[in-house]
Amino acid sequence: MGNAVGATCATDADEKDDSVTDNLRTVHDGDFLNERNGSKSGRRSSEKAAPEDLTMELLVHRIERDLSTFAVQYRDARTTVSQDGPEAAEKFPPHRLKAIDDSLYRIAAELKRLERRTAVPGVAREGNVFLGMRKKRFKSLKAVVHKVMAEIRVARLLSRWTAAGQDEKDKLPAHLSSQMDTDFSQLNSNMMIETWDGVNVLELDKTSTDPLVQVFMAVWNYRKMNALCKTSKHLVMEYIGELESKYKANPYHNRAHAAEVTLMSYQFFANLSTLKNFQGYFEQIDLLVILVAAAIHDVGHPATNNDFMVKTKSDLALRYHDTAVLENFHLATAFELMRDRNIPLLDHYLPSPPVTSLRRRIVEIVLGTDMAVHKSKVEEMVMVAKRNSNRQDIDKRQLEQYLVHTADIGHPLRPVEQHKEWAERVTEEFFAQGDREKELGFTPISLFDREIAPGMGKGQLGFLKFVVQAGWDPLCTLMEKKSKMAQLYLNRNLKAWEALAAEEEAAAAAAAAGTDSSG
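These numbers were taken from a predicted model, which means no experiment stands behind them. (Residues numbered from 1 in each chain as written. Predicted model: local features only at pLDDT ≥ 70, side-chain atom pairs only at ≥ 80, totals over all residues. Heavy atoms only, no water.)

1. Let's talk about unusual backbone geometry
Logical step 1: In this model, Ser-352 is joined to Pro-353 through a cis peptide bond whose omega is 5°.
Logical step 2: Note on placement: Pro-353 falls in the loop between α17 (325-340) and α18 (355-367).
Logical step 3: Although it is not a glycine, Asp-322 sits at a positive phi angle of roughly 60°.
Logical step 4: Here Asp-322 shows up in the loop between α16 (315-319) and α17. (Helix = DSSP H or I, 4+ residues; strand = E, 2+ residues; numbered from the N terminus.)

Here's what the structure looks like:
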């Protein structure tokens, strides 16, 4: 169903208009409701399995699926019509809205008829039935239709407000009125998020105070995530803004890094989704998981690593038992903020998966950014790429973890000047930690010790060859031709560091020769 929603969101207003009608017709005149009128579609369904042989659970699951699909499509179409002005609004004249409402009432009547069926012992007569997932129940079948109609009433209310102007706006509840103050459809509409080198997050950070909000909402609007998620765009933006404010002004682990990882994670997702081998693999709900995980993955970072937290016996290390200390902290910070602000960012309109499942996936993704598991994750993904010639067989949870992990260390896949600045920033942060370790009586590793660390060229060359390149290779294989730009920049960055490393080596040799001659 997520694929259908994603496809609908990508079409223009005319196509959305037609899909709403077609889907409504499917809901009311579909095989599972046509058994009594002897239609051709009904007969085809009967040939496969008699309606009497279907369990109530299956019937209800089908109805909920189609009604939910229709609700998302209808809401998205109405939003588009409201944004496109009076001409587009003509596609939904009053008589057509009434026809849709009438059809929904007829569906409600069909549901009542199904509710009275007691042919399946222990299911229909209970009044509570499973709806396609465990632990989710509705008190009655009618609740499904009631939910759809409530959503339509909200859409029509907002539509009337848009047309009526300020006087009508004053009659709306405060939270709806404030939401409409922001023209979300125009927010970052010119940001080239689909182009690999179309956005320089470092420049964005210099020209705005909220690069994470800018990137996150650009993706949110472009992918029409509001058609999937229950939380309003206003509240989504509010949450991401609050989240961004909790990123500290560190040299590297800061709001710009969060924005960069969010952008690159999305670009990995988008590029894979366009490949034939991955057609239909990702759904819109998967993008929600990836976006949220990337945005929160380093929130509140103290500019020191897990090893430092453990060595100094910090409160966080004790709280999380010396295991993925910072990753657990980032997760707790993000979800506590979601709870305290009462912004259910993961709530959606689909019948499944449940929010608890989405939250678990986000936890796994953020825990997967711990560099302690880098080697094992790379080895696993190398085997995955080799063994699964049919890309549809790849474990989605494993792949989404790998996408965000690769994006987390992926700045060498960006243009040379951007990568160079990221490298300088992370080196500065490493040296600052090394200085603190010395002050506390610890001996930092050479990479963190500014007095004995290898030159910038040699150090970065080693990082790119043995960490980034090794991790990028399996993803590069999966991305096929879509990896071209990222690989191009990686090659250029390798050459740049190779040249600098050679200069450093020559300078060191000359210095050593001068010392010997003077001695």
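Now that the structure has been shown, the text picks up again.
2. Side note on the nonpolar core
Logical step 1: Ranked by size, the top nonpolar core spans 93 residues in total, and within it Tyr-239, Leu-243, Phe-268, Leu-272, Ile-362 and Leu-399 carry the most contacts.
Logical step 2: In this structure, Leu-272 is in contact with Phe-278, Phe-282, Leu-399, Leu-403, Leu-475, Leu-478 and Met-479, ignoring residues within four places of it in sequence. (Core = buried A, V, L, I, M, F, W, Y, C linked by side-chain atoms within 4.5 Å. Buried < 20%, exposed > 50% of the residue type's maximum accessible area, 1.4 Å probe, protein only. Contact = heavy atoms within 4.5 Å.)

3. Some details on the packing of helix α19 (residues 374-387) against helix α20 (residues 396-408)
Logical step 1: For the pair α19 and α20, interaxial distance at closest approach is 11 Å and the crossing angle is 125°. Taken together, the axis directions place α19 and α20 in an arrangement best described as oblique. For the element pair α19 and α20, the recorded crossing hand is left-handed. Packed against α19, whose contacting residues are His-374, Lys-377, Val-378, Glu-380, Met-381 and Val-384, the element α20 presents Gln-398, Leu-399, Gln-401, Tyr-402 and His-405 at the interface.
Logical step 2: In terms of residue class, the contact of α19 with α20 is made up of five nonpolar, four polar and two charged. (Axes fitted to C-alpha atoms, helices over the stretch in contact; angles between N-to-C directions. Parallel < 35°, antiparallel > 145°, perpendicular 65-115°, else oblique. Left-handed = near helix turned anticlockwise from the far one by under 90°. Nonpolar A, V, L, I, M, F, W, Y, C, P; charged D, E, K, R; others polar.)

4. As for the packing of aromatic side chains
Logical step 1: Counted according to the given criterion, the structure contains eight aromatic pairs.
Logical step 2: Judged by centre distance (5.2 Å) and plane angle (90°), the ring pair of Phe-278 and Tyr-281 falls under edge-to-face.
Logical step 3: Above the face of the Phe-335 ring, Arg-359 is positioned so that its terminal group lies 4.4 Å from the ring centre.
Logical step 4: The ring centre of Tyr-281 lies 5.5 Å from the NZ or CZ of Lys-396, which sits over that ring. (Phe/Tyr/Trp six-rings, centres within 6.5 Å; stacked < 30°, edge-to-face > 60°. Lys NZ or Arg CZ within 6 Å of the ring centre and 35° of its normal.)

5. Considerations on the packing of α19 against helix α22 (residues 456-479)
Logical step 1: Their axes nearest at 9 Å, the elements α19 and α22 cross at an angle of 25°. Overall, the two elements α19 and α22 adopt an arrangement that is roughly parallel. Where α19 crosses over α22, the handedness of that crossing is left-handed. Contacts between α19 and α22 involve His-374, Val-378, Met-381, Val-382 and Ala-385 on the former and, on the latter, Val-467, Ala-470, Gly-471, Pro-474 and Leu-478.

6. Some points on the side chain of His-405
Logical step 1: The topology assignment puts His-405 in helix α20.
Logical step 2: When residues no more than four places from it in sequence are discounted, the contact partners of His-405 are Gly-368, Thr-369, Met-371 and His-374.

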